[in-house]
Amino acid sequence: MNNKSYNKLFFIVFLVFMLLAIISAYVGVLLIKEYNGVIFGSVLMLITIPFAVNFKKVKKVQILISVLNAIFTGLSISTFFVVKGYDSLTALLNLIYSGLISVVIYLMLVGYKKINILNNHKYIKLILNLSLFLGLIAFYIYGYIALNEPLFFSLSCLSVIAYGIYVVSLKKIKSKKQLFNNVCLSSYCIYIAVAIVVLIFLSEGEAAELGEMFAGDIDTNSKTKNKKTSLAAGTIVANEVVNDNKEKKQEEENEQKSE
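**A few points about the side chain of S102**
The topology assignment puts S102 in helix α4 (residues 88-118). According to the relative accessible area criterion, S102 is buried, its value standing at 0%. Beyond its immediate stretch of four places on either side in the chain, S102 contacts F14, M18, L155, L158, S159 and A162.

**Points about helix α3 (residues 59-84)**
The end-to-end C-alpha separation of α3 is 39 Å, in line with the 38 Å expected for 26 residues at 1.5 Å each. After α3 finishes, the residue G85 shows a positive phi value of roughly 85 degrees.

**What about the packing of aromatic side chains?**
Summed over the entire model, instances satisfying the criterion amount to 11 aromatic pairs. Both rings, one in F80 and one in F201, keep their centres 6.0 Å apart while their planes meet at 85 degrees; by these two values the pair is edge-to-face. Pair noted here: F80 is in helix α3 and F201 is in helix α7 (residues 176-258), with a separation of 121 residues, a long-range link. Residue classification places F201 among the buried residues on the basis of a relative accessible area of 10%. The structure contains a cluster of three or more aromatic residues connected by ring pairs, namely F80, F81, Y86, F152, F153 and F201.

**Notes on the environment of F10**
Within the element layout of this structure, F10 appears in helix α1 (residues 7-31). In contact with F10, other than residues within four places in its own chain, are Y106, I165, V168, S169, I173, L179 and V183.

**Overview of the packing of α1 against α3**
In helix packing, the relevant descriptors are the interaxial angle and the interaxial distance, both defined with respect to the helix axes. Axis separation between α1 and α3 bottoms out at 7 Å; the angle between their running directions is 45 degrees. One way to sum up the angle between α1 and α3 is to call them oblique. Every pair of crossing elements has a handedness; the one defined by α1 and α3 is right-handed. For the pair α1 and α3, the contacting residues are F17, L20, A21, S24, A25, G28 and V29 in the first and S66, V67, N69, A70, I71, T73, G74, L75, I77, S78, F81 and V82 in the second. Broken down by class, the residue content of the contact of α1 with α3 amounts to 12 nonpolar, seven polar and no charged.

What counts as what
Residues numbered from 1 in each chain as written. Predicted model: local features only at pLDDT ≥ 70, side-chain atom pairs only at ≥ 80, totals over all residues. Heavy atoms only, no water. Helix = DSSP H or I, 4+ residues; strand = E, 2+ residues; numbered from the N terminus. Buried < 20%, exposed > 50% of the residue type's maximum accessible area, 1.4 Å probe, protein only. Contact = heavy atoms within 4.5 Å. Expected span 1.5 Å × (residues − 1). Phe/Tyr/Trp six-rings, centres within 6.5 Å; stacked < 30°, edge-to-face > 60°. Axes fitted to C-alpha atoms, helices over the stretch in contact; angles between N-to-C directions. Parallel < 35°, antiparallel > 145°, perpendicular 65-115°, else oblique. Left-handed = near helix turned anticlockwise from the far one by under 90°. Nonpolar A, V, L, I, M, F, W, Y, C, P; charged D, E, K, R; others polar.

Distances and angles like these do not, on their own, reveal function.
Set out below in structure tokens:
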């Protein structure tokens with residue numbers, strides 16, 4: 001069987017993975033505090049690696065690990081909403097909206113793959129690949145400018161799932177066992193990529209806060225320096241006035257003595 005026979009199955013895998021991630025992210029916002037989501041998710045993900053390696057020929061184990069990694073991905077996503085202080089409803093609405101957009105992205109990628117297969121000319125494929133790459137860059141630039149922070153973050157995470165499953169669908173599949181092995185491996189890559197996205201978004205916020213603090217310190221220091229400078233200048237002027245007065249008195253005394 002060729003990959004065309006598994007296209008529907010890949011789409012189902014994508015939907016299930018994304019839904020599990022959204023649900024676990026929502027639960028994580030309700031129950032988990034601070035950075036515990038990404039910490040627990042990472043630790044639990046690492047624990048599953050030996051099972052994935054030792055039971056790679058057992059289809060049910062590969063499916064179970066993929067499901068668990070989808071849940072861990074959602075826990076990692078929840079960290080952003082918890083640390084940033086967004087409520088569970090805001091998180092859920094943004095994730096659902098981003099999920100719908102991610103479905104469209106996945107279907108567009110599948111449609112692009114079909115068009116690319118039909119064009120055997122290498123230059124046409126090069127143009128198609130370049131246009132896809134530039135289109136994705138333009139899409140994310142637009143999202144960064146036009147979308148609010150929680151929506152852009154949600155879309156960034158869920159689109160990673162779409163791309164991850166899409167990349168798996170490009171590989172030649174000979175059996176369902178191989179399909180779920182590839183999906184299991186991809187689930188680890190998806191988790192790592194999403195965790196990186198989470199940390200990037202959180203570090204941007206911290207960097208902005210540090211920048212504001214640094215700017216405030218600079219402003220405070222400049223004000224202090226200005227005050228010191230003005231005080232020093234005032235002291236110099238006062239000393240000059242006193243010296244002038246002394247010189248005048250001495251001149252008057254000298255004139256009186258000469259008379």
